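Summary of structural features
Residue-level listing of the chains:
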Amino acid sequence: METLAILGSHGFLGPHLVAAAVRRTPHRVVAVARTKDPVPVFHEEPGRVEAIEVDLTDRIERTLDVLRPRRVVLSAALSRVADCEREPERAQAVNADLPLAVARWCSTNEAHLVYLSTDLVFGGRLPRQARFQEDDPPAPLHVYGRTKAQGEANVLATWSRALVVRLPLLFGDSGGRGLGASDAILETLRAGRQPRLFEDEWRTPIDAENAAAAVMELEELLVNGFVHVAGPQRLSRYEFGLEVLRARGVDEEDARAALAKSWRAEAGLADQRPADVSLDSTRARGWLRTELLAPRVALLPRGEA
Ligand SMILES: NC(=O)c1ccc[n+]([C@@H]2O[C@H](COP(=O)([O-])OP(=O)(O)OC[C@H]3O[C@@H](n4cnc5c(N)ncnc54)[C@H](OP(=O)(O)O)[C@@H]3O)[C@@H](O)[C@H]2O)c1
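Each value, and the rule that gives it
- Residues numbered from 1 in each chain as written.
- Predicted model: local features only at pLDDT ≥ 70, side-chain atom pairs only at ≥ 80, totals over all residues.
- Buried ≥ 20, exposed ≤ 12 C-beta atoms within 10 Å, placed from the backbone.
- Helix = DSSP H or I, 4+ residues; strand = E, 2+ residues; numbered from the N terminus.
- Pairing = 2+ DSSP bridges.
- Near = placed C-beta within 6 Å.
- Nonpolar A, V, L, I, M, F, W, Y, C, P; charged D, E, K, R; others polar.
- Core = buried A, V, L, I, M, F, W, Y, C linked by C-beta atoms within 7 Å.
- Contact = placed C-beta atoms within 7 Å.
- Axes fitted to C-alpha atoms, helices over the stretch in contact; angles between N-to-C directions.

**Some thoughts on the pairing of strand β4 (residues 71–74)**
Burial of β4 is two-sided: the residues R71 and V73 facing one way and the residues V72 and L74 facing the other way are all buried. As paired elements, strand β1 (residues 3–7) and β4 share four bridges and run parallel to each other. Looking across to β4, one finds that L4 is bridged to R71. Both β4 and strand β5 (residues 112–118) contribute to a ladder of four bridges, which runs parallel. Looking at the pairing, V72 lines up with L113 of β5.

**Side note on the site of the ligand**
Neighbouring the ligand are 25 residues; G11, L13, R34, L56 and A77 lie closest to it. Contributions of two or more residues to the shell around the ligand are made by α2 (56–67) and β5. Looking at the shell around the ligand residue by residue, the classes come out as 13 nonpolar, nine polar and three charged.

**Section: the nonpolar core**
Grouped together as the largest cluster of nonpolar side chains are 83 residues, with contacts concentrated most on I6, L113, V215 and V229. Here the element with the most residues in this core is helix α7 (residues 208–221); it accounts for eight residues. Sequence-distant contacts of I6, that is, excluding residues within four places in its chain, are made with G14, L17, V18, A21, V29, A31, V32, V73 and S75.

**Observations regarding helix α1 (residues 14–24)**
Of all eleven residues in α1, nine are buried; the element is thus mostly enclosed. Close packing links the buried residues of α1 with β1, β2 (28–33), β3 (49–53), β4 and α7.

**A short note on the sheet that holds β4**
Spatially, the seven strands line up as an open sheet ordered β3-β2-β1-β4-β5-β6-β11, and their pairing is parallel. Either end of the sheet is taken by a strand with one partner, and the two such strands are β3 and β11 (225–228). Adjacent strand axes in the sheet meet at a mean angle of 20 degrees, parallel and antiparallel pairs treated alike.

This is the structure in structure tokens:
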């Protein structure tokens, strides 16, 4: 049986990737995380998954030599923009050097590699068309975007059969951890505070479970190069917040009262935060059977979609 290794399985997306792998593939699934912290399980076959804990920046080659995966999905990242600004060397190690080491191992051992990247490799320049396409050149505005763009380039320069999947703002079920765009808003409201959401920051958000299903389907197709996997709707963060509350049955007036509008310049962040990194997913839609869902549909409680 082939081994599929999911590297970085404890983050927001990781448990959804593990669940999609268990549901979709017959392979041995190994979930590799740095810490032993408990994470939500979004599938019904816990016996299918082997979990190991290792700091991948220290021991990547040894880990892969022991696991001998035929398929690798690299989700590990230093993914918070502020953490990357504070710790640029760690960002470089996790977001750029680790992908290089993984790509070298996969190239030597002919293992298929999917590297997860981000819409935030864009932002310093306008897209050539309405949304960013795969061949638009990266123009990152901060350490996170720069190191992820370097990670992408490292992967594709090292292993021609690798796939780089750029993801947009992710939302959805974080298993009560307050992670991701929608749970963060709900957590702030539960704490009795008013979420402040930018009206001038545009994204093409996608549900993490939906994104994970698409990533695992692309993994099975063994395609390579760049692909964008994003939601079909371009929304401001404020509009996205309204969608989160509407999906929970909050009426329009209450939803608008619950959220505060904000603007990047007002927050002093206009130079640091990309205004619009909307992704065009035409290529992915041509390859996938998994439908990329609008937030309005994906946010509905289970059974109502
Ligand atoms: N969330 C989003 O909105 C979003 C948007 C676009 C793209 N992405 C990309 O999608 C991927 C998954 O994102 P996410 O939101 O799930 O990120 P996340 O919640 O920050 O999870 C990243 C995971 O990487 C692990 N990791 C970091 N350094 C490691 C190391 N040295 N060894 C082993 N594991 C390590 C972390 O483990 P510890 O917690 O133990 O440190 C964490 O579990 C990332 O590549 C990210 O760049 C995410």
